[in-house]
Structures are given as structure tokens and as C-alpha cells.
Amino acid sequence: MAEKFQARMADKQVRKDTRTLGDFVGIYCKGNHSDRVRTPLVSDAAVLGVYDSGTPVLCDECAEHLRYAEKRRAFCPKDPKPFCAHCDTHCYKSDERAWQQQMMRFSGPRSALHGYAIEGIKHALEARKYRKQAGTSGARKES
Ligand code: SF4
Ligand SMILES: [Zn+2]
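None of the values given here were measured: they were computed from a predicted structure.

Visitor: Kindly report on the overall build of the protein, identifying the contributing residues and their values.
Guide: From N to C terminus, the protein includes 6 helices and 2 strands. Beginning at the N terminus, the succession of helices and strands in the protein can be written as α-α-β-α-β-α-α-α. Computed over its C-alpha atoms, the radius of gyration of the protein comes to 15 Å, within 12% of the 15 Å expected for a compact globule of 143 residues. In the protein, buried positions account for 37% of the 143 residues. Long-range contacts, defined here as pairs at least 24 residues apart, represent 70% of the contacts in the protein between residues at least 6 apart. Side chains of the protein carry 26 positive and 18 negative charges; the gap between the two charge centres is 6 Å.

The structure is reproduced here in C-alpha cells:
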């Protein structure tokens, strides 16, 4: 594992964001892929203990997406970091970005049931601010 990734994952906020992301992907996978074989995530962040005892249980496809997202979060140049959906940098590859958006559309509204009410409110407020700045009425779906 790259030392730089390990160093970034030592940051409290990076760990927290990565755990949140893992939980959201877990909600998505459980809700959409319950017919698949799902196993505890094996990844660089998981090896570092980032997920503590809450390692997401995922199918292979979701695990691959989360491994990609772990790296994006670790090396995110934004500080403070916005929600990725509202970022003007968009460091994700286009297909990964599209996957994350549809994952968030599913998991976002359900996240309050999993202890993420505050994150959901923050996301909604930031989405409103983003739409205002972009001069849109909210017709675009956010994630
Ligand atoms: S999309 Fe933006 S906020 Fe998200 S990880 Fe990339 S640079 Fe950071
Ligand atoms: Zn899945």
C-alpha cells in the first residue's frame, strides 16, 4: 500500500468521510444486490482499520466502486471538501461519477434510517446552495 494513502487515511476527517461512504455503498448494495454473494470489503482502507467493526458487506461490483472512491477521497484536493456531487473539480472518471450519483440517489434518502440524518440535512442544504449558485431551479437531480 502506498505510504501516501496510509498517511492521508490517518486524518480524522478523511477516515470519517470514508466510513460514511462505505456505509452508503453498503445501504445501496443491500437494497439492490441482495441476490448476489456479498462479503466484507477487502480494500486498502479496510486493512488500515478505517471501517472499525463496521466493514461494509458488498458484492464484487460495489466493492470495486468503493475501492476506487476510497482513493479519490484520500487524495481529494478540496479542503473543506464539498459533497462530490457539488464539486467543481470532479476528479472521478465519468462512469464512476455516474455510478456514485445513482448510488447516492438510492442511499441518501435511506441514510437517516442508518444514523445519517445530519449528513442528509447537510447534503440537502449544500444542494440548495449549489443550485442557487448554478442558477438552476433544482430540475437536476443531485447525489
Ligand atoms: S469529486 Fe471533488 S470533492 Fe469529490 S473527491 Fe474529487 S475533488 Fe474531492
Ligand atoms: Zn452490490
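So much for the structure itself; the text now carries on.
Visitor: Any details on the pattern of salt bridges? Residues and values, ideally.
Guide: Overall, the coordinates contain 6 salt bridges when judged by the stated rule. The shortest N-O distance in the salt bridge between R73 and D17 comes to 2.8 Å. Taken together, the residues span a long stretch of sequence, with R73 in helix α4 (residues 60-74) and D17 in helix α2 (residues 12-32) at a distance of 56 residues. Look at R73 and you get buried, because its relative accessible area is 9%. Among the ionic pairs, R67 bridges to E64, the shortest N-O distance being 2.9 Å. One end of the pair is R67 and the other is E64, both in helix α4 and 3 residues apart, which spans about a single turn.

Visitor: So what about the coordination of the zinc ion (ligand 2)? Which residues, and what values?
Guide: Of the protein atoms, only C29 (SG), H33 (ND1), C59 (SG) and C62 (SG) coordinate the zinc ion (ligand 2), at distances of 2.1 to 2.4 Å. One can describe the donor arrangement at the zinc ion (ligand 2) as tetrahedral, given that its 4 donor atoms subtend angles of 98 to 122° at the metal. In the primary structure, the donors to the zinc ion (ligand 2) are separated according to the pattern C-x3-H-x25-C-x2-C. Placement of the pair is C29 in helix α2 and C62 in helix α4, with a sequence separation of 33 residues.

Visitor: Tell me about the environment of L58, and please be specific about residues and values.
Guide: Here L58 is to be found in strand β2 (residues 57-58). Through-space distance from the C-alpha of L58 to that of L125 is 29 Å; in sequence the pair is 67 residues apart. Sequence-distant contacts of L58, defined by excluding residues within four places in its chain, comprise V25, G26, C29, V37, R38, T39, L41, A63 and L66.

Thresholds applied
Residues numbered from 1 in each chain as written. Chains lettered and ligands numbered in written order. Predicted model: local features only at pLDDT ≥ 70, side-chain atom pairs only at ≥ 80, totals over all residues. Heavy atoms only, no water. Helix = DSSP H or I, 4+ residues; strand = E, 2+ residues; numbered from the N terminus. Rg over C-alpha atoms; globule rule 2.2 N^0.38 Å. Buried < 20%, exposed > 50% of the residue type's maximum accessible area, 1.4 Å probe, protein only. Contact = heavy atoms within 4.5 Å. Lys, Arg positive; Asp, Glu negative; His and termini not counted. Charge placed at Lys NZ, Arg CZ, Asp CG, Glu CD. Salt bridge = Lys/Arg side-chain N within 4 Å of Asp/Glu carboxyl O. Donors = N, O, S within 2.8 Å, 3.2 Å for Na, K, Ca; no water. Tetrahedral: all angles 85-135°; square planar, octahedral: opposite > 155°, others 65-115°.

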